[in-house]
Amino acid sequence: MNKNFIAGEWLDGARVSRNINPSDTRDLVGEYAQADAAQTRLAISAAEAAFPAWSLSTPQQRFDILDAVGTEILARRAELGDLLAREEGKTLPEAIGEVARAGNIFKFFAGEALRPGGEALPSVRPGVGVEITREALGVVGIITPWNFPIAIPAWKIAPALAYGNCVVFKPADLVPGSAWALAEILSRSGLPQGVFNLVMGRGSEVGATLLDDPRIAAVTFTGSVATGQKVAAACVARMAKFQLEMGGKNPMIVLDDADLSVAVNCAVQSGYFSTGQRCTASSRLIVTDGIHDRFVAAVIEKMKTLKVDDARKAGTDIGPVVDQSQLGQDQAYLGIAQAEGARLAFGGEAIERNAEGQPGFYLRPALITDTTPEMRINREEVFGPVVSVLRARDYEQALLLANDTPFGLAAGIATTSLKHATHFKRHSQAGMVMVNLPTAGVDYHVPFGGRKGSSYGPREQGRFAAEFYTVVKTAYTMA
Ligand code: NAD
């Protein structure tokens with residue numbers, strides 16, 4: 001059984017969780033220890049005790065550790081990718097790509113440890129100098145979702161450590177395998193005892209303990225809006241710093257002048273790949289009248305070629321949905337959309353067994369047409385391979401529809417018009433805007449995050465990560 005990592009030791013938990021392969025529910029990926037509130041507090045104590053020394057560790061020490069972690073992740077990308085695909089259900093190439101991203105993120109933040117920056121400037125008073133520096137926060141609580149089991153932990157853990165913080169990491173209950181493998185690498189990396197701690201377990205117990213403990217200086221969270229609101233309320237109540245990355249209802253506009261094959265590829269890629277289980281997935285296609293019917297027909301033709309099968313089988317395009325409850329949610333939204341008058345134009349059937357007879361949570365990607373903006377399918381995040389189409393008169397109406405959502409994570413446009421592309425980049429109310437590219441699939445060295453109901457607090461990743469993981473000090477010196 002794989003254990004929790006607390007104060008430099010591997011500890012059994014209060015309970016055990018079973019990690020099941022969604023491509024074959026007979027396959028037990030492993031058994032993982034689940035921490036309780038008392039063990040979570042033990043991890044916080046260890047991190048608190050380790051903080052004074054770690055916050056003063058040298059940039060060289062942090063660089064060496066983070067760089068070595070990145071090197072090992074990259075070297076083991078095939079093996080770790082196989083584990084990720086097996087426990088989460090994204091395809092093997094997608095999973096290996098995610099692992100490589102995690103490795104690159106560690107290397108990026110290894111470099112950032114060497115470049116803390118700062119400013120020195122003259123005071124407005126004679127003879128006085130001013131220095132502006134960034135310092136570590138203390139113990140950071142990290143709470144992550146199941147859909148990127150190694151990349152999201154990496155993009156929180158690496159900057160937290162690079163800037164001198166200690167970490168208590170709680171991964172999602174559904175995917176402890178990749179989190180444990182990452183923790184195991186960190187456990188051998190030379191980090192002093194207590195700097196990094198892994199507590200696997202339930203959100204309501206382990207997560208809630210992190211939120212309420214006054215020794216946790218800051219909480220970084222990625223997950224659903226409902227949980228994000230709980231994180232915010234708990235952190236505000238004790239005035240802790242927090243950062244939230246949550247859901248999306250990301251639009252992709254397709255204009256009459258779009259290159260049809262580019263538009264179709266972007267839509268299918270970001271709508272259905274990774275089984276549609278990406279916060280940046282395009283779930284609303286907003287298509288102008290002149291191209292609408294041709295575009296819908298071409299998307300359906302492309303969907304017919306997608307192979308839904310075991311995530312680790314060569315040739316699979318779309319792996320299974322992550323679990324029974326997410327599959328139920330996807331199917332429920334198909335029902336809701338049709339009950340509200342939309343048309344299921346393609347797909348949506350659950351496939352109980354693949355060709356080899358493996359029982360899994362397979363769902364044929366679904367396209368829903370004839371929708372209106374107020375339908376729930378256009379307002380609420382499904383988080384599955386379910387995409388809706390909205391018809392628009394022209395670019396101006398398409399832009400209004402794109403921004404007509406409580407979310408604001410990513411938005412895309414397929415067009416050959418420089419004028420419309422430029423206008424869209426300026427007027428989209430999303431944190432990330434893509435022109436002739438899928439809304440999902442982003443670089444690891446630049447800021448990531450959204451607006452409106454999708455995000456709260458500073459951006460993650462790239463140099464902007466320093467905003468969250470450090471606090472600014474202004475020092476005055478009279479020479
Ligand atoms: P979730 O909110 O159910 O869980 C996220 C994490 O919070 C898990 O680790 C969970 O155990 C924990 N948690 C649950 N209840 C808690 C509580 N009361 N206190 C503290 N922690 C608690 O989300 P999920 O189902 O794992 O992930 C899917 C969601 O994540 C989707 O909405 C998706 O859009 C979002 N997501 C957003 C981004 C982004 O960067 N914007 C990226 C990936 C996923």
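Residues numbered from 1 in each chain as written. Predicted model: local features only at pLDDT ≥ 70, side-chain atom pairs only at ≥ 80, totals over all residues. Heavy atoms only, no water.

Participant: Just checking my understanding: could you explain the overall build of the chain for this structure?
Facilitator: Helix and strand counts for the chain stand at 14 helices and 22 strands. By the compact-globule yardstick of 23 Å for 479 residues, the chain fits well, its C-alpha radius of gyration being 23 Å. Overall, the C-alpha framework of the chain stretches about 70 × 60 × 40 Å when taken along its three principal axes. Taken across its 479 residues, the chain has 57% of its residues classed as buried. The contacts of the chain with a sequence gap of at least 6 include a subset with a gap of at least 24, amounting to 73%. Taken as a whole, the chain presents about 18,500 Å² of accessible surface, with 55% of it coming from carbon and sulfur. Within the chain, the 51 negative side-chain charges are centred at a point lying 3 Å from the centre of the 47 positive side-chain charges. (Helix = DSSP H or I, 4+ residues; strand = E, 2+ residues; numbered from the N terminus. Rg over C-alpha atoms; globule rule 2.2 N^0.38 Å. Buried < 20%, exposed > 50% of the residue type's maximum accessible area, 1.4 Å probe, protein only. Contact = heavy atoms within 4.5 Å. Areas by Shrake-Rupley, 256 points an atom, 1.4 Å probe, with all protein chains shown as cover. Lys, Arg positive; Asp, Glu negative; His and termini not counted. Charge placed at Lys NZ, Arg CZ, Asp CG, Glu CD.)

Participant: Just to check I follow, could you spell out the nonpolar core for this structure?
Facilitator: Within soluble globular proteins, side chains that are nonpolar tend to cluster in buried spots. Ile73, Phe106, Ile157, Leu161, Leu186 and Phe196 are the most contacted members of the largest nonpolar core, which has 88 residues in total. A domain split of this core shows at least three residues from each of domain 1 (4-246 + 454-478) and domain 2 (250-435). Contact partners of isoleucine 73, with chain neighbours within four places excluded, come to Leu80, Val99, Ala102, Gly103, Phe106, Leu182 and Ile185. Formed by 27 residues, the second largest nonpolar core is a distinct cluster that contains Met252, Cys266, Ala267 and Val387. (Core = buried A, V, L, I, M, F, W, Y, C linked by side-chain atoms within 4.5 Å. Domains from an automatic or database assignment.)

Participant: Mind showing me how you'd approach the packing of aromatic side chains here?
Facilitator: Scanning the model with the defined rule gives nine aromatic pairs in all. Geometrically, the ring pair formed by phenylalanine 5 and tryptophan 10 is tilted, given 4.7 Å between the ring centres and 45 degrees between the ring planes. A relative accessible area of 8% places phenylalanine 5 in the buried class. Overall, tryptophan 10 belongs to the partly exposed group, its relative accessible area being 31%. Relative to phenylalanine 109, the ring of phenylalanine 108 lies with its centre 5.0 Å away and its plane at 85 degrees, an arrangement referred to as edge-to-face. Accessibility expressed as a relative area gives 0% for phenylalanine 109, which makes it buried. When the ring centre of tryptophan 54 is taken as reference, the NZ or CZ atom of arginine 62 above it lies at 5.9 Å. When the ring centre of phenylalanine 148 is taken as origin, the NZ or CZ atom of lysine 90, which lies over that ring, is 3.7 Å away. (Phe/Tyr/Trp six-rings, centres within 6.5 Å; stacked < 30°, edge-to-face > 60°. Lys NZ or Arg CZ within 6 Å of the ring centre and 35° of its normal.)

Participant: Before we go on, may I ask you to explain the pattern of salt bridges in this structure?
Facilitator: Oppositely charged side chains may form a pair once their charged atoms are brought near each other. If you walk through the whole model with that rule in mind, you get 30 salt bridges. Residue aspartate 12 pairs with lysine 3 through a salt bridge whose shortest N-O separation is 3.6 Å. Residue aspartate 12 is classed as partly exposed on the basis of its relative accessible area of 43%. For lysine 3, a relative accessible area of 28% gives the class partly exposed. (Salt bridge = Lys/Arg side-chain N within 4 Å of Asp/Glu carboxyl O.)

Participant: What's the story with unusual backbone geometry in this structure? I'm lost.
Facilitator: What is expected of a backbone is that most residues other than glycine have negative phi and most peptide bonds are trans. Despite not being glycine, aspartate 370 has its phi angle at roughly 55 degrees, a positive value. With respect to the helices, strands and loops of the structure, aspartate 370 is situated in the loop between β17 (366-369) and β18 (386-392).

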